[in-house]
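Structural overview
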Amino acid sequence: MSTFVEGLGDAWRTLFDDPKQHIDNVIAQILAEGGSRDCWKRMYDDGTEKLVMAWPAESAFRLGAVMKAEGGRHYRPVSCFPLLEGLPNDMTVESVYPWTSGAEAYVSARCNENAEPLQFYTPFFFRDESCLTEGVRHTFLVAGLAYGVRRALLDDLTITEGAQYEEFASKWLEHNPGKNRLDVPQLTVSLRGSRILSASDRVGEYQVRVPVTSVEPIKMGEDTVYMMIVEFGLNTPNPLRIPLYATDRVCLRGYVPQAGDEIDAIVWLQGRITD
């Protein structure tokens, strides 16, 4: 069971060593130089307005904030987050876990019937709340932010226990009469070309092994952010295709991702209903 945590410290540490020292400046920069879109706003019946602002305006990787204004007063920040531009994926809503801010949530949704649901953070809960109904299918813009990434180390995995090994052992004994359980060899599974997206112990975070389809570097101040396109579930009716963003500070020992590489990564997912 994954743990539900309200907080974005790990996401901000992909950009800053000590996020608390920088968040006020980030918000000030968003207010001074950022922008919004009509489809990023919501006006409530009581005159309250909430909207997402982001900087820079045209980048796929931005700094974002939910702002709130009551009765025509000045906007104040409700939350602040790395804003990731995602790719469209059709998914069916299973459940929603709102944050106490009222602006954000974690959404659990499935790409395919009977598949394990994906859980992702959305800073657009305030806008999309009425649409996030169990069983309803939407097109979500989904992306990932890497907490750490490296070139994949292992091409083969040795298994000596668990359900997969038990199935292998049973079949091996059937084909090797006269042998006993102690004679069963270890199971070696090739990882080359694998597309693994395994839930971590915190909601919205995943361990990943996947080939990289393409890479595009994005400048963010003094940092470089690598936008890698990756795909999962290619043998399913609705594969998941997302951009995975990795700042150079989270790339192990100066690793620079290249198209065709296979990578290991810890990833936090973010999404919103398409604009």
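The 4 strands are arranged 1-2-3-4 in an open sheet whose pairing can be described as antiparallel. With partners counted over all chains shown, the strands left at the sheet margins are strand 1 (41–43) and strand 4 (76–84), one partner each. Going across the sheet, the axis of each strand differs from the next one's by a mean of 20°, ignoring polarity. Taken together, the 3 bridges between strand 1 and strand 2 (residues 49–55) define a ladder with antiparallel strand orientation.

This brings us to the confidence of the model for the protein chain. In this model, the protein chain carries an average pLDDT of 92, and 97% of its residues clear a pLDDT of 70 or more. Strand 15 (residues 240–247) holds the highest mean pLDDT among the elements of the protein chain, 98, whereas strand 9 (residues 156–159) holds the lowest, 69.

So, on to the packing of aromatic side chains. Taken as a whole, this structure holds 13 aromatic pairs when the rule is applied. Residues Trp40 and Phe124 carry aromatic rings whose centres are separated by 5.7 Å and whose planes lie at 70° to one another, so their mutual orientation is edge-to-face. Pair noted here: Trp40 is in the loop between helix 2 (23–33) and strand 1 and Phe124 is in the loop between strand 7 (118–122) and helix 3 (125–128), with a separation of 84 residues, a long-range link. The exposure classification of Trp40 matches that of Phe124, with both residues buried. Aromatic pair Phe61 and Tyr245: ring centres 5.7 Å apart, planes at 50°, arrangement tilted. Of the two residues, Phe61 sits in strand 3 (residues 61–69) while Tyr245 sits in strand 15, which places them 184 residues apart along the sequence. When its relative accessible area of 0% is taken as the criterion, Tyr245 is described as buried. Counting every residue linked through ring pairs, the aromatic cluster contains Phe4, Phe81, Tyr97, Trp99, Tyr106, Tyr121 and Trp268.

In this structure, Glu70 sits in the loop between strand 3 and strand 4. Among the residues examined, Glu70 registers a relative accessible area of 36% and is labelled partly exposed. For the pair Glu70 and Lys50, spaced 20 residues apart in the sequence, the C-alpha separation amounts to 8.9 Å. Here Lys68 takes part through its side chain, which lies 3.2 Å from a polar atom of the side chain of Glu70.

Further remarks concern helix 4 (residues 163–174). Taking 1.5 Å of rise per residue, the 12 residues of helix 4 would be expected to cover 16 Å, and the 17 Å separating its terminal C-alpha atoms lies within 8% of that figure. Within helix 4, burial applies to Tyr165, Ala169 and Trp172. When helix 4 is viewed along its axis, its buried side chains cluster within an angular range of 65° and face the same direction. Exposed and facing more than 90 degrees away from the buried side of helix 4 are Ala163 and Glu174.

All right, on to unusual backbone geometry then. A cis geometry characterises the amide bond from Trp55 onward to Pro56, with omega recorded as -10°. Tracing the sequence through the fold places Pro56 in the loop between strand 2 and strand 3. Unusually for a residue other than glycine, Asn114 sits at a positive phi of about 70°. Residue class for Asn114 comes out exposed when judged on its relative accessible area of 73%. Backbone geometry places Arg253, a non-glycine residue, at a positive phi of 50°. Secondary-structure assignment places Arg253 in the loop between strand 15 and strand 16 (262–273).

Criteria and cut-off values
Residues numbered from 1 in each chain as written. Predicted model: local features only at pLDDT ≥ 70, side-chain atom pairs only at ≥ 80, totals over all residues. Heavy atoms only, no water. Pairing = 2+ DSSP bridges. Helix = DSSP H or I, 4+ residues; strand = E, 2+ residues; numbered from the N terminus. Axes fitted to C-alpha atoms, helices over the stretch in contact; angles between N-to-C directions. pLDDT = per-residue confidence, 0-100. Phe/Tyr/Trp six-rings, centres within 6.5 Å; stacked < 30°, edge-to-face > 60°. Buried < 20%, exposed > 50% of the residue type's maximum accessible area, 1.4 Å probe, protein only. Polar contact = N/O pair within 3.5 Å; in protein donor to acceptor, adjacent residues only side chain to side chain. Expected span 1.5 Å × (residues − 1). Arc of directions from axis to C-beta.

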